[in-house]
Amino acid sequence: MKEFELINHYFKGRGITRRDVAVGIGDDCAVVDIPENCQLAVTTDTLVEGVHFFPDIPARALGHRVLAVNLSDLAAMGAEPTWISIGLTLPNVDMAWLEEFTEGLHEIAEYYNVQLIGGDTTQGPLTITICAKGIIPKGKSLTRSGANVGDWIYITGPLGDAALAIESRKRGIELSPEQHKRVVEKLHYPKPHVAAGQVLRGLATSCIDISDGLLADLQHIVDRSMVGADIDINKVPISDDLRALEDTALREMLSLSYGDDYQLLFTVNDNNRNAVEARLMQYGVEATCIGQVTNTPGSVELYKDGEKYSILEQAGYEHFN
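Residues numbered from 1 in each chain as written. Predicted model: local features only at pLDDT ≥ 70, side-chain atom pairs only at ≥ 80, totals over all residues. Heavy atoms only, no water.

**Details of the domain arrangement of the chain**
Interfaces are frequently sized by the accessible area removed from exposure as the parts join. You can read the domains of the chain as domain 1 (3-137) and domain 2 (151-308). Relative placement of domain 1 and domain 2: their C-alpha centres are 26 Å apart. Of the roughly 1800 Å² buried between domain 1 and domain 2, counting both surfaces, carbon and sulfur atoms make up 61%. Run the count over domain 1 and domain 2 and you get two salt bridges. (Domains from an automatic or database assignment. Buried area = accessible area lost by both parts, 1.4 Å probe. Salt bridge = Lys/Arg side-chain N within 4 Å of Asp/Glu carboxyl O.)

Written as structure tokens, this is what we have:
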């Protein structure tokens, strides 16, 4: 199967068709209509085999994952996902693999009402790049730069399952078959908090998704907002499977310094706390307050049992590090 046969078979005409797409796959560019009084949010992520995913990940899971991580970026900005384009580099044309990969991709795209409107295919090491677009009411986007001293710091859900899945493989951490199945499912099929991001518009003062680790991503907020943060690590929600680890230092490292959970980390002032908690609960999201914004720019202080605390590893993931 050659390039254009591949595009026509696996991508063109599959998935949903949105009314705001004037020109989709088949021309030099896609053309879309942006609603009046809205702004366009655009994010791009590249996933490389051996760096972002293990070579033996099921193709269907990979199709889900590559889009989910982009939708999480849109969620962190409060955007409604609308369109995506994909750059797919393949070592060869494996039709069975492509069928499963595109099933996973189209499945999550349909769930979030997102249309695939273009992209490119090339030959080379397995690499997938997604450019996802969304719309936000003008002036309502969430950013990393709006946190204020006294704001409360929240997270949308537990951390650690993805980290445990990865490190159980790398370090040989023993898990029961049931535990292994649960954590690998969380790693392969992350659920972006799209609805929660839209709920937070106009209520949260800043927001980011946790892709590189809680502490690393919180650092982005305090740096951009020119504030500090105090975090009570006892309040950081972690998964039941991670809590079962007896190694306290490892448990803390996996929950605080590891990414791939794609929870939302956000700040909110006193006046909006109750509204945020109640509205998120309507969508099944039990947000947890883990700390408060301080007036020490760039500083993130950890506390445990009321005392200042430090963990062995705080960096989080960073390419070229």
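**What about the UniProt feature "domain: PurM-like N-terminal" (unreviewed entry) in the chain?**
Here the UniProt-annotated "domain: PurM-like N-terminal" (unreviewed entry) positions come out as residues 26-136. Helix makes up 32% of residues 26-136 and strand 39%, whereas the separation of the span's terminal C-alpha atoms amounts to 27 Å. (UniProt positions renumbered as here; feature names shortened; annotations may be inferred. Helix = DSSP H or I, 4+ residues; strand = E, 2+ residues; numbered from the N terminus.)

**Thoughts on the pattern of salt bridges**
Pairs can form between side chains of opposite charge once their charged atoms are near each other. Per the stated rule, a full pass over the model turns up 10 salt bridges. Here arginine 65 and aspartate 260 are joined by a salt bridge, their closest N and O atoms 2.7 Å apart. Of this pair, arginine 65 sits in helix 2 (residues 59-76) while aspartate 260 sits in the loop between helix 9 (248-256) and strand 10 (264-268), and the two are 195 residues apart along the sequence. Assigned by exposure class, arginine 65 and aspartate 260 land together as buried. (Buried < 20%, exposed > 50% of the residue type's maximum accessible area, 1.4 Å probe, protein only.)

**Here we look at the sheet that holds strand 6 (residues 127-137)**
One open sheet holds the four strands; their spatial order is 3-6-4-5, and the pairing between them is mixed. This sheet does not close on itself; its edge strands, each paired only once, are strand 3 (38-48) and strand 5 (115-123). The average angle at which neighbouring strand axes cross in this sheet is 15°, direction not considered. Two strands pair when backbone bridges link them, and strand 4 (residues 80-90) and strand 5 are joined in this way by eight bridges, in the parallel orientation. The partner of serine 85 across the bridge, within strand 5, is glycine 118. Relative to the sheet, helix 2 contacts strand 3, strand 4 and strand 6, its axis offset from that of strand 3 by approximately 140°. Across the sheet, helix 3 (residues 95-111) is in contact with strand 4, strand 5 and strand 6; its angle to strand 4 comes to roughly 165°. (Pairing = 2+ DSSP bridges. Axes fitted to C-alpha atoms, helices over the stretch in contact; angles between N-to-C directions. Contact = heavy atoms within 4.5 Å.)

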